[in-house]
Structures are given as C-alpha cells and as structure tokens.
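Coordinate analysis (summary)
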Amino acid sequence: MSSEIPLERIRNFSIIAHIDHGKSTLSDRLIQRCGGLSQREMSEQVLDSMDIERERGITIKAQSVSLNYTAEDGQEYLLNFIDTPGHVDFSYEVSRSLSACEGALLIVDASQGVEAQSVANCYTALDQDLEVIPVLNKIDLPAADPDRVVSEIEEVIGIEAHGALFVSAKTGEGIDELLEQIVEKVPPPKPPEDDVLRALIIDSWFDNYLGVVSLVRVMSGELKPRQKLLAMATGRNHLVDKVGIFTPKAKDTQRLGAGEVGYLIAGMKDIDAARVGDTFTSADHPAEEPLPGFQEVQAKVFAGLFPTNSEQYPDFRDALEKLRLNDASLNYEPETSEALGFGFRCGFLGMLHMEIIQERLEREYNLDLITTAPTVVYEVENNKGEVLNIHNPAQLPESNHIAEIREPIIQANILMPQTVVGDVIKLCIEKRGVQKKMTYLGNQVQLVYEIPMSEVVMDFFDRLKSVSRGYASFDYSFLRFSAAPLVKLDILINGDKVDALAVIIHKEASQRRGRELTEKMREIIPRQMFEVAIQAAIGSHIIARSSVKALRKNVTAKCYGGDITRKRKLLEKQKAGKKRMKQIGRVEIPQEAFLAVLKVEK
Amino acid sequence: MSQLHFSEAIPLSLYIHLPWCLKKCPYCDFNSHAQKEEGLPEERYVDALLKDLELSVPLVWGRTVSSIFIGGGTPSLFSAESIATLLSGIRSLIKLSPNAEITLEANPGTFESEKFAGFAAAGINRLSIGVQSLDDQQLQQLGRVHDAQQALTAYETARSAGFTNINLDMMYALPKQTQAEAEQDLEQLIALQPEHISYYQLTLEPNTLFHKYPPVLPEHELSAQMSDTGQELLASAGYHQYEVSAYALNDKQCRHNNNYWEFGDYLGIGAGAHGKLTQPALQQITRTTKPRQPEQYMQFMEAGNLETPQVVPEQDLAFEFFLNGLRLNDGVTTSLFEQRTGLGLESVAEILGKLRDRGLLNDDPSQIQTSETGRRFIDEMTPEFLNT
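All values derive from a computational prediction rather than experimental measurement. For every chain, the first residue of the written sequence is number 1, and numbering continues from 1 along that sequence. Just so you know, chain letters begin at A and ligand numbers begin at 1, following the order they were written in. Residues qualify for local features only when their pLDDT is at least 70, as the model is predicted, and side-chain atom pairs are given and counted only at 80 or more; totals for whole chains, interfaces and linings, by contrast, use all residues. To obtain the side-chain values, all non-hydrogen atoms of the structure were used and water was disregarded.

1. Considering unusual backbone geometry
As a reminder, the rule being used: Helix and strand assignments come from DSSP, with helices taken as H or I runs of at least 4 residues and strands as E runs of at least 2, each series counted from the N terminus.
The linkage connecting B:G72 with the following residue, B:G73, adopts the cis geometry, with an omega of 15°. Tracing the chain through its elements places B:G73 in the loop between β4 (64–72) and α2 (80–93). Residues other than glycine seldom take positive phi values, yet A:N494 does so here, at roughly 45°. Mapped onto the fold, A:N494 is located in the loop between β27 (486–493) and β28 (496–497).

2. Observations regarding the environment of A:V114
Residues and elements named next belong to chain A. Threshold: Note on contacts: a residue pair qualifies if any of its non-hydrogen atoms lie within 4.5 Å across the two residues.
Checked against the element boundaries, V114 lands in the loop between β4 (103–109) and α4 (116–127). Linking V114 and V156, residues 42 residues apart in sequence, is a C-alpha distance of 7.7 Å. Residue contacts for V114: discarding those within four places in its chain leaves V108, V119, E152, I153, V156, I157, L415 and Q444.

3. Here we look at helix α10 (residues 453–467) of chain A
Condition: Bend is computed residue by residue as the angle between axes fitted to the seven residues ending at the residue and the seven residues starting at it.
In α10(A), a bend of some 65° at A:D459 exceeds every other bend along the element. Where α10(A) terminates, the next one or two residues include A:R469, which has phi positive at roughly 50°.

4. So, the pattern of salt bridges
Put simply, the rule reads: What makes a salt bridge here is a side-chain nitrogen of Lys or Arg within 4 Å of a carboxyl oxygen of Asp or Glu, nothing more. Type-normalised accessible area, obtained with a 1.4 Å probe on protein chains alone, sets the label of each residue: buried when under 20%, exposed when over 50%, and partly exposed for intermediate values.
All told, the structure shown has 49 salt bridges over all chains when counted by the stated rule. Between B:E243 and B:R327 there is a salt bridge, with the nearest N and O atoms lying 2.8 Å from each other. Of this pair, B:E243 sits in strand β9 (residues 240–243) while B:R327 is found in the loop between α12 (317–325) and β15 (332–333), placing the two residues 84 residues apart along the sequence. Residue classification places B:R327 among the buried positions, given a relative accessible area of 3%. Residues participating in the shared-partner salt-bridge network are A:E407, A:K431, A:R432, A:E455 and A:D459.

5. Side note on the sheet that holds strand β12 (residues 242–246) of chain A
Residue and element names in this part refer to chain A. Defined as follows: Following DSSP output, two strands are said to pair if at least two bridges run between them. Simply put, an axis is a line fit to the C-alpha atoms, just over the touching stretch for a helix, and the angle between two N-to-C directions goes from 0 to 180 degrees.
Sheet architecture is open: eight strands sit in the order β11-β10-β16-β7-β8-β15-β12-β13, paired in antiparallel fashion. A strand with exactly one partner marks an edge of an open sheet, and here the two such strands are β11 (236–239) and β13 (250–252). Neighbour to neighbour, the strand axes of the sheet diverge by 40° on average, direction disregarded. Sheet topology note: the strand β8 (residues 211–220)/strand β15 (residues 261–265) ladder contains five bridges and is antiparallel.

6. A few points about the packing of helix α12 (residues 565–579) of chain A against α12(B)
Under the convention used in this document: Roughly parallel means an angle under 35 degrees; roughly antiparallel, over 145; roughly perpendicular, 65 to 115; everything else is oblique. Put simply, Ala, Val, Leu, Ile, Met, Phe, Trp, Tyr, Cys and Pro go in the nonpolar bin, Asp, Glu, Lys and Arg in the charged bin, and everything else, Gly too, in the polar bin.
Interaxial distance between α12(A) and α12(B) falls to 12 Å at its minimum, and their mutual angle equals 100°. In this view, α12(A) runs roughly perpendicular relative to α12(B), as classed from their interaxial angle. Where α12(A) abuts α12(B), its residues A:K567, A:R568 and A:L571 lie against B:F319, B:E320 and B:L323. Along the lines of polarity and charge, the residues of the contact of α12(A) with α12(B) split into three nonpolar, no polar and three charged.

7. Some remarks on empty space enclosed by the protein
All names here are of chain B. Condition: A cavity here means a set of points on a 1 Å grid, drawn over the protein atoms and nothing else, where a 1.4 Å probe fits but cannot get out; a pocket is an open set with protein on both sides within 12 Å along at least five of seven lines, and a residue lines either one if it has an atom within 4 Å of a point. Grid points are joined across faces, edges and corners, and a volume is the space filled by probe spheres set on the points.
Tallied over the entire structure, the rule returns three cavities of 30 Å³ or more. Lining the largest cavity, in full, are S56, L59, L267, G268, I269, L277, T288, K290, L306, E307 and P309. The leading source of residues in the lining of the largest cavity is strand β11 (residues 265–270), at three residues. A breakdown of the residues in the lining of the largest cavity according to their chemical character gives six nonpolar, three polar and two charged. Considered as a void within the structure, the second largest cavity measures approximately 60 Å³ in volume. A breakdown of the residues in the lining of the second largest cavity according to their chemical character gives four nonpolar, three polar and three charged.

8. A short note on the nonpolar core
All names here are of chain B. What counts is decided by this rule: Buried Ala, Val, Leu, Ile, Met, Phe, Trp, Tyr and Cys residues form a nonpolar core when they are joined through side-chain atoms within 4.5 Å.
Grouped together as the largest cluster of nonpolar side chains are 69 residues, with contacts concentrated most on L14, I16, I68, I70, I83, I90 and I124. Element by element, the count of residues in this core is highest for helix α1 (residues 42–56), at six residues. Ignoring sequence-local partners within four residues, the contact set of I16 consists of L49, I68, F69, I70, G71, L86, I90 and I269.

9. Notes on the packing of α1(B) against α2(B)
In a packed pair of helices, the relevant descriptors are the angle between the two axes and the axis-to-axis distance. Residue and element names in this part refer to chain B. Where we set the bar: The sense of a crossing depends on the near helix, which, turned anticlockwise from the far helix by less than a right angle, makes the crossing left-handed and, turned clockwise, makes it right-handed.
Axis separation between α1 and α2 bottoms out at 10 Å; the angle between their running directions is 15°. Taken together, α1 and α2 sit at an angle that is classed as roughly parallel. Crossing handedness for the pair α1 and α2: right-handed. Contact with α1, carried on its side by E42, V46, L49, L50, L53 and E54, involves S82, T85, L86, G89, I90 and L93 of α2 and no other residues of that element. Residue classes in the contact of α1 with α2 are distributed as seven nonpolar, three polar and two charged.

Right under this line is the structure:
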C-alpha cells in the first residue's frame, strides 16, 4: 500500500520528450519492469489511452501511474510517474504536471537530437527547480549518435549531459540503471510546512459512471473520503467520495498524504469544478493562498464548425457538450453562416488541439463537418474607443468604424540544422516575422522571431516542415497585441458574398492573396451547368477575379446491357459527393474550398 | 407488402453472354476473358447456356421472346456451327417471335468475317461490328487486333453474306484525337451506309488498363465539340438519333436495346449475364446474375443450379427506369412508367416537376422527355431519383 512508504522514499517525476522520441514505449517499459501490469494486461502504450493519441503518438491528456520499486539499496520506493502532453498547444497543462514533480526525465532520440518542444518544456522544468535527468533513447538504432546528441543537449539546453543515460525502451537496455538514477537523483518531496490541505489539480476528466475524476498532487495535509473540499479558483465545495492511485489500474487507498499523487472523486458533475492548476483545500480549515501558477484557459485559435447536413445539428451540439465534459479548454458558441447554415464557433488552444477535436467529432460521433479557416483573436478599437475581441472575420466592423486593429504577436523559437537556416529565415520574413536572436549551437541554429500569430495558424507548421525537410522544430508563446493595417478580404461567388470564406489579412498582402484565392477557388469548384464567377473584394472594391467555365455536357457515353448496378453505384457516389457540397445560390461548392483559404501554395 | 400493379404484358428479350476475346482491350470493362491457348470450350459452354435457359424457362412460362442479343466478349470467335446449335436449342426451349431480331456482336478480323455467311445461315439477322475507328494508329492504341482495311473487308463480307441490318460501333475522343480526325473517321464510317451506328465517347472505366495508365484524352471542350459535330454529320446523312449514342436509318433502331431502355424484361444467360424479370402475380420486379468466371459458370450450370432472383426494392424502381428512359431522345410516356414499374406517377411527380422547373425536361405532361439542354445533362438528372 502506497501510504506505508515514507515521504523520503517517494519520487515524483515526469517525462519531457518530443513526439516520436519514445516516451510512451519508455513508460510502458517502466510499468512492466516494476510489475505494474502483468504481461497479459500489458497492451502497448498503456498511458496513451485515446485512439487518436495512439495513432498520432501524442499524449493529449496527462495521466499518472504509481509504481513500487525495490532499489539496489534493498529499500522499496514509490515512483509516481506523471505523464505530460507533448505539444505546444498544451504548454500550460505541461507546466502544471511539472509543478507536481520534483524531477523530470529529458528523453532525447539518440539519432534525431534535441527539438524545440523539448527545449521549451525543459526550461519550464528548470524554472520550477526540477532535477532534470537527460536520457538518450533509441540507442539500439544504427543511426544513433550519442556523442553528438550529448553535446547538443549541453549546447542547446545548457545542462550537464555527460553522465546521460543510454537506453533503449524497445530492447530494455539501460532501464534498470534509469530506475536507479530516478531513485538517486530525483529529490523526495519537501516535507510540508504545515498540515493544511493543499492539493494541486494536475488533470481532470469525466467518467460516465464516476463523474469528474481529478488527478492531484497533495502538497500538504491529506485527502480522505468524506472530507469537505473547497476548490479555490471557483469557490465551490465538494465532498470527497474516493481517493486512490493508478497502478496503472485504479486502486482505492482511503488516503492520499503529502507528497503523494493519485486520483480524487468528489461527486463533481462538470469539469469546470476541478480546473487544471486549481488548488483543493479543506472547506473547514482552508489554506490562505492557493498554490501558485493557476491560469484560466484561453482559446487562441477559433474556427467555425458546421455540419454538412443540417439535420446533424442537434447531434453536433450533443457531441460538443460531451467533449467539453472532458476538455475544459474547448469552448463553443452557436454561429449562423449564410453559406454554411447553423454551426458553432469553437475556440481551441492551438492548431493541433483543433485538429484533434475535429477528428474526434467526425470519428467518434460520426459527424460530417465543414471547418472554416482558423483565425486568431483580434483586438478592434472602434471610433467610440470601445475595444472588441473579434474571433470571426464576419464580425469585423466596417472599416470606417474602426480606429485600430491589433493582432496577437507570438515569440517563435525555432531550432534547425545550419543547412536549412536560409530557407527558414525566408519563410519567417514572408510571414512578417522580425528576427530577435540567432544563435549557433554546434550544428544547430536557434532562431527567435516575433511573428503575427495569424501567419502561424495559416500554414506555418506545414511550410516549416517542408522548407526544413522535417528538420526544424518549433515552439511559441504569446507576447502581445500589436497594431497593424489589417483588412477583411471577401470572396464572392456569382455575386454572393460567402461569409465563411472571408479572412482578415494584412493590407499589403491583400492583392496577392486575392489573386491566389480566386485562382484556388477556380481549381476547386467543379464545372457546373453554368459559368461561375469568383471575385475577391475589400469592401466594395473588387481586387481579383476568375471564373469556372460552364460544363458543356454530362452524360454517360454508353449504358448498354443489363447490369445497372455499377452505374448505380457511380451515380450514388456522385450524389453523396454533391451532398457534401454546399450550395451558394445555385453554385455547388466542395468543402475543401472553405479550407483553401489556409492552403494557398506558393 | 409491395403495392406494385402490373396491368399489361411486358416484352421479353434474351441476352446471351459469350465471355471470350482474343485479348482484353485496355478500355473495356465488360466481363471478358482472354482466350486460352487450348482454344474455347465451345460445346461445353453452349450446353451450359442451354441448361441455363432450360432452368430459367419456368420464370417466363408462356411468354414470347421478341429479340436475342449475343454479346461478349467476342461472340464471333465461336464457330457458326456452335451458334446454330445454340439458336436451335433456344427455339426448342422457348417461344421465339417469328420476326425476332437476333443480333450477334462480331470483331472485324479476317478470321471472324469468314464465318459471317455461316452465322446468317444459323439465323442471325443483325450483325453488330466493333469497328471503333478507321484510323490504324488509333486502332493500335486502343489495343484492337484488327486494322482499318480488315474492318472495311468485314463490312463488305457481311453484306455479301446477306446481312441487311448491320450496326457499326465507333468511338470518339480517342487518345490525342483532333477534331478533324474525329470528323474524318466518322465520315468514312457513314460512307459505308450501315443501317445503324453506335457513336460513343471513349471513357476511362474503373478496372481497366486505361484507368490505371490513362492516355491523354481530348479535354472536355473538345470532346463536347466532337459530340456536337458527330450528331450533325450523322443527322445530315439521314441517321436519326434515338438514344445518347445510338443512330439509325429509317426504322432500323435496335429493338433489343430499346427494350432495355424502355425497362422491358430480359433473361440473361451466360457468364456474368444479368437478367430482369417482372413477376406481376408477386407484384415484384427481380434481377438475376450469373457467376462471372466462365469455368465457374459452366460448373454452376452443370450442377443444375439456379440462382435466387433478387427483388428490386420498390424505392429503387423509379431510378432504374429513368436511368435508361431519359437516354431516349423521344423519352417515355407517363403510362409506360406506370406500366413498367408498377408505380403510380405521383411517386415521381415532385422530382419531375423540379426537373421541368430547371428546364431539363420538356413541358408535355404525358411525355417525359429531356429538353435540348437536358439531353446534355442526363447524369445531372438521374441521381435525383436515387433514394439516398
């Protein structure tokens, strides 16, 4: 039982790793080595439980596992491993996971080297005084180059890495040494200064049977069933029902003491009752101050999501409600588009978060959705001096009512090999970036740029990947809002303004963008029985135009014989395809047109 | 329960599939199989066909067959004797109308044309020859085993064998074909004065070699232009267009194909053959399909099997009817719709109204006929009848 192990033999740690660097395999290996699951129960990658996480190899939601490990000194230790999400969109969640730990393993692929994501997370860990243990994984690969990677860690991150462990999560090589190092190097939790309950919420999720389950780290005091809790950010009270640990199977313990990590069930019905980063304290003897670091989650990227078939609207609403149960960072409000009908304007933490939600809605809830081009939040000051937050181009006031538009600027940290620096700089300039710093670190170069966030949500990730042939990695953080000459670019199809195709862009780019967009629309919109005119306009001023020529005929050449089944299938497919299109006036527009705004190739 | 009402007799045709070819053409998606070295199992296959028909007879008890179409594959690979055995076998099993149209598809190779007189003697009274083009270079690209000269000879041979009802197939929008080439090709064909011409666009069908390795075909504008001038050339030569790709002199329309297009009944025998039969007493329309592989088909028949006909769901009938009916230039009468589908006109009134509003159908309330525009956009119309 966990509580029998004293504080000085508890080790709380996280893993910092870039996607694909083998975090999940390593976690599995640790669980297996400590006997957390029998061979039979050991399905690959236990911690990444959602399908999408598995397919993409990304951990979306943090989870934890408590392992009992008998070290070489003969003593039994309790290792609490707290999993963290590995993507820039979830940096706040990462910071909360890390603040529940005393140590972190920095996992670096022994052939690929350090990536920007890991650097950012590693700095977060160092800021919070965590002991960082560098570990080189995939040491069994022929391409492994541990010496180079060790010096890269030292140069890029600036921590001592010469004692770094060489492991292969795949073959099991070095796992025993790793466990010993965790015991040796990660400090035990600090003894609490008092016994007032302070429990940090690392993560919360919704279980259909149990309601909200929270993963917590008890910093001081203790958690027990029938205790009355206060969630300090919301001021709401809850009665503890159960506490326990994940082994990784959930196991009731009747108590979680200071220094321990485990779950808490307290009859909470919605996830906002237990926000990530909030502090649970005792309702009867509350702490004076909450634990530091809590933030309200704020959506940074917005997009309109619309069911292709309007009959799916109620299902769509239910699906969003259900996803929201498990994801406090997802927000949505009804939106009506003339072109796309009824839908929701959804706010996301970033592009990956958006893609994940979109995919889950389509896959788990069988919805057919059209997503409009994502947009950032603009601060618009009108002539009366009021400041509006605009996250939908359609809501941008007429230009003569606008005193100033301010756009969010981010700081981008990009790491890349020297060979591709030129191309990356070119991309950053094209994206209106301003260089702040350029540092040579061995073979790697670190670039720091200030870039408008709208340019980043456009197609920055994809472009960066292609110009650097996959070698550049990227991390960003919000800096400030900054005034810029921005305009709304409208697209008109046969004279009708299509609200869902409007974008807010920099004035200087509007001409080129207008041409690119009308050209792209011409390629995407199939020929119809009549000519289709496509125009780009700023206000009432047309800046670009193109057209799709009329179809001259659409008739199957030969339809002999008795077998009509194949012909039927073909026409059914055609009809299904048309159903997925949106009707603007008489014109049928394929869904990809609404995303084309994003993907205009150079 | 079904609510279909059939008040009048529905004409019946017989389709016979002979699935072998010398080799498979790269554009062809029909159920055809390259001939093996040891030759064709003609006798065994004809026996299987007759067995097939014998087992099917109870489904069409007492009905008269008004046309026979022997298609393929390349039916002309079979010997005249085999075709004679087949036709006399058919006559002994079912009632054949005395003036029945009996078509055989033939390849214009020398080997085949030598048999034309024999086919005529066996009772074939209409020949459909797959000329496809009279340009040697095109014929080669299309993977045809004959050349232009052989095609012309085959046509002459058919005439001297006594055939007075001949169809010639020709394709346009061939790889890299120009407008002038297409016109010239068609003009040469028209000069032969066959009773019937099938003039149709080459399209890339799934599961063909051309689909996998697409040749460069004329673009949409050009192929549409070829279609237009083709229609004009044929019309001025007296060929009356009665279906999207079918043109006839005088009254020489293909009765067998018209029966398909007017949603008549047909028995389908042979490997992969499809049939469609109305069963008025059961208030249903059924479809039948035979095994596709020749060997499998013969074994199936030798074992005396009869596949269970599949009932066409009521909601599919209107689509199936209009899929072909709209292709006819004269269209179909509203009473033919009711007579052939067993449905009331009200079941499609709304869709027809919409198509009329869009100007795709003519306004005549008793005749469902495409307008000038509609004729160009039939594939925009038929999906409207799908219930999905």
